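In case you want the letters, here they are:
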Amino acid sequence: MSSTTTLQKEGGPTGNPGDGQPSDGLKAGLKNRHLSMIAIGGVIGAGLFVGSGGGIAKAGPAILISYALVGAMVVFVMRMLGEMAAASPNSGSFSAYADRALGRWAGFSIGWLYWFFWVVVLAVEATAGAAILESWIPAVPQWAWALIVMAVLTATNLGSVASYGEFEFWFAGIKVVAIGAFVIVGMLAVFGLLPGSDNPGAGFAHLTDAGGFFPNGYGAVLTGVLMVVFSFMGSEIVTLAAGESENPRKAVTRATNSVIWRIGVFYLGSIFIVLTLLPWNDKSITEKGSYVAALDSIGIAHAGTIMEVIVLTAVLSCLNSGLYTASRMAFSLGERGDAPKAFAKVNKNGVPVAAILGSTVFGFVAVYFNYAFKDTVFNFLLNSSGAIALFVWLVICFTQLRMRGILVREAPEKLTVKMWLFPWLTWATAALIMFVIGYMFVDDANREVVTLSTLVAGVVVLVGVVLDLRRKKALQG
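This one's a predicted model, so the numbers in the text were calculated from it and none came from an experiment.

Rules and cut-offs
- Counting restarts for each chain, with residues numbered from 1 along the sequence as it is written.
- For a predicted model such as this one, the threshold for reporting local features is a pLDDT of at least 70, and the threshold for listing and counting side-chain atom pairs is 80 or more; totals across whole chains, interfaces and linings nevertheless cover every residue.
- Derived side-chain values reflect all non-hydrogen atoms in the structure, with water molecules and hydrogen atoms excluded from consideration.
- Here, axes are lines fitted to C-alpha atoms. For helices the fit covers the stretch in contact, and angles between N-to-C directions go from 0 to 180 degrees.
- Helix and strand definitions here come from DSSP, where helices need a minimum of 4 consecutive H or I residues and strands a minimum of 2 consecutive E residues; each element is numbered from the N-terminal end.
- Orientation labels follow simple angle bins: below 35 degrees gives roughly parallel, above 145 gives roughly antiparallel, 65 to 115 gives roughly perpendicular, and whatever is left gives oblique.
- Crossing chirality is assigned from the near helix's rotation relative to the far helix, an anticlockwise turn below a right angle marking it left-handed and a clockwise turn marking it right-handed.
- The contact criterion used throughout is that any non-hydrogen atoms of two residues lie within 4.5 Å.
- Salt bridge, as used here: a side-chain nitrogen of Lys or Arg that lies within 4 Å of a carboxyl oxygen of Asp or Glu.
- Partly exposed residues are those whose accessible area sits between 20% and 50% of the maximum for their type, while under 20% is buried and over 50% is exposed, using a 1.4 Å probe and protein chains only.
- Helix span, expected: 1.5 Å multiplied by one less than the number of residues in the helix.
- Within 6.5 Å between ring centres, the rings of Phe, Tyr and Trp (the latter by its six-membered ring) count as paired, and their orientation is classed by plane angle as stacked under 30 degrees, edge-to-face over 60, tilted in between.
- Sitting over a ring, as applied to charges here, requires NZ of Lys or CZ of Arg to be within 6 Å of the ring centre and within 35 degrees of the ring normal.
- We treat Lys and Arg as the positive residues and Asp and Glu as the negative residues; His and chain ends play no part in the count.
- Lys, Arg, Asp and Glu make up the charged group, whereas Ala, Val, Leu, Ile, Met, Phe, Trp, Tyr, Cys and Pro make up the nonpolar group; the residues left over, Gly among them, are polar.
- Scored between 0 and 100, pLDDT is the confidence that the predictor attaches to each residue.

**Brief notes about the packing of helix α4 (residues 93-101) against helix α16 (residues 388-410)**
In step 1: Two elements in contact, α4 and α16, have axes separated by 9 Å at closest approach and are oriented at 50 degrees. As judged from the angle between their axes, α4 and α16 are oblique. Where α4 crosses over α16, the two elements pack in a sense that is left-handed. Touching F94, Y97, A98, R100 and A101 of α4 are V392, V395, I396, T399, R402, M403 and I406, all from α16.

Structure, rendered in structure tokens:
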């Protein structure tokens, strides 16, 4: 679809004006409460619980600045995406918008890269969840748990979009309640107001009493950025899910407007509590994990088990959303002729069965590689998909720069959500993302990831360009 496509003809996911109900076979099975919780829970991944300890060890209290920088970047990207999604809700989200604004090659490339990212995530999360379940019930081997978890969530997604929404509502709800309780209880303990707490209640002293706020230097903030950036992936899922909701534009607008407080409370708030309960260099933060160490310092019994339950919930949530997201992106690609046509077909319940099964099969294969060829094939898959989140955000920036002009010319009334300080803040966000990508090339720990991800992206873009040229040639012929 060219950039001159008339947006006046569009309304919902595939062109139905009015209420925005899907007209492509998908059903509006997601209720407002589903979308609200998907929006809130989508930004809380297992990486927040598992990976934050490593970032604290590298940057100390300054990791808060790392989280704030990445959080701001995500807020701006979500604002751009919200502007486009509110104007034209679509199950392909940024891939469909890139298709329209930048060219077929761009929509093809970013769509398939995003699909690849999530099917690899399926294997990672299935294995992580299986490890927790095996520790509880060792009679069942880890590979069998991974198989069971994948099969159950595949069945859920095959049932209906409402089934996915209901599962995610409760998964996300548990994460939200857990972090909310952690922040409240932790804050009381920080000031010595929690009855029976073992924590000395040092107030904000731990932010500076172990070498200052920047104990490892100012450069550690950038290292921290690289360590935390990937835990934010998933915030854009709500713009895909909105295409199957009762009121897509309202859902997108609400999710976009609430992303600031969500990141502020769940990321900055919870990490702030960890850093005020314990000195940043306390060994328990890396040995037990930041949240378990913080709970232990308060004196909460069975903190490790409690956190395992929460992490398992986060893993299942990520698996559930990952399978949904991958299948809907495959569905959108199929609709646009960039994937097998079978992916664009839905059953009587409005479920794209082939797209779900195709994504699941690759996920199962990736799980097998994780057990059989962990250090070779799976390591390649993991590294070659690691930087795709940043590529997606960068494409969203460039797409929004073009889409704003198209919307202003063709459907200005649909600009109900606008990017702040356009175009300067969009360019600044793109520059920050490119800086992070560039910094990964000189960082020893991330060089392989960004190099392999760039090579894979280059191959996919090349395929997209070739296919686009062939289509144009065929039309001219």
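Additional details are given in the paragraphs that follow.
**Thoughts on the pattern of salt bridges**
In step 1: Inspection of every chain in the model, using the stated rule, returns 10 salt bridges.
In step 2: As a salt-bridge pair, D99 and R104 come within 3.6 Å of each other at their nearest N and O atoms. Across the pair, R104 and D99 agree in class, each one buried.
In step 3: Close ionic contact of D338 with R104 constitutes a salt bridge, the shortest N to O distance being 3.1 Å. Linking D338 in the loop between α13 (303-335) and α14 (353-372) with R104 in helix α5 (residues 104-136), this pair joins segments that are 234 residues apart in sequence. Here D338 matches R104 in class, with each residue buried.

**So, helix α6 (residues 142-159)**
In step 1: Along its 18 residues, α6 runs 26 Å from first to last C-alpha, staying within 8% of the 26 Å computed at 1.5 Å per residue.
In step 2: Residues A144, W145, A146, V149, M150, L153, T154, T156 and N157 constitute the buried set of α6.
In step 3: Looking at the buried positions of α6, the neighbouring elements they touch are α5, α7 (161-190), α13 and α14.

**Digging into the packing of aromatic side chains**
In step 1: Under the definition given, this model contains 24 aromatic pairs.
In step 2: Here F214 and Y218 contribute two aromatic rings whose centre-to-centre distance is 4.6 Å and whose plane-to-plane angle is 50 degrees, an arrangement assigned as tilted.
In step 3: In this structure an aromatic cluster arises from ring pairing among F94, Y114, F117 and W118.
In step 4: Sitting above the plane of the F169 ring, R33 keeps its charged end 4.7 Å from the centroid.
In step 5: Directly above the aromatic system of F422 lies the positively charged group of R404, at a separation of 4.3 Å from the ring centroid.

**Side note on the environment of R328**
In step 1: Relative to the elements of secondary structure, R328 occurs in helix α13.
In step 2: The spatial distance from the C-alpha of R328 to the C-alpha of S359 is 9.7 Å, given a sequence separation of 31 residues.

**Considering the side chain of R79**
In step 1: Residue position: R79 is located in helix α3 (residues 63-87).
In step 2: Despite being buried, R79 has no salt bridge partner; E83 is the closest side chain of opposite charge, sitting 6.6 Å away.
In step 3: Not counting the four nearest positions on each side in its chain, R79 is found in contact with T256, N257, V417, K418, M419 and W420.

**Here's the deal with the packing of helix α1 (residues 32-41) against α7**
In step 1: Interaxial distance between α1 and α7 falls to 8 Å at its minimum, and their mutual angle equals 50 degrees. By the angle between their axes, α1 is oblique relative to α7. The hand of the α1/α7 crossing is left-handed. Between α1, through R33, H34, M37, I38, I40 and G41, and α7, the contact on the second element is made entirely by A162, Y164, G165, E166, E168, F169, A172, G173, K175 and V176.
In step 2: Residue composition of the contact of α1 with α7, grouped by class: 8 nonpolar, 4 polar and 4 charged.

**Re unusual backbone geometry**
In step 1: For the bond running from F422 to P423, omega is 0 degrees, close enough to zero to count as cis.
In step 2: When you line up the elements, P423 lands in the loop between α16 and α17 (424-442).
In step 3: Here the phi dihedral of H302 falls at roughly 60 degrees; this positive angle occurs in a residue that is not glycine.
In step 4: For H302, the location among the structural elements is in the loop between α12 (290-298) and α13.
In step 5: Despite not being glycine, L421 shows a phi value in the positive range, around 50 degrees.
In step 6: Among the secondary structure elements, L421 is positioned in the loop between α16 and α17.

**A look at the environment of L193**
In step 1: The residue L193 is located in the loop between α7 and α8 (220-228) in this model.
In step 2: We classify L193 as exposed; its relative accessible area is 57%.
In step 3: Linking L193 and R79, residues 114 residues apart in sequence, is a C-alpha distance of 38 Å.

**So, the confidence of the model for the protein chain**
In step 1: Here the protein chain averages 86 in pLDDT, and 94% of its residues register 70 or above.
In step 2: In the predicted structure, residues 1-21 sits below a pLDDT of 50 and forms 63 contacts with residues beyond four places in sequence or in another chain.

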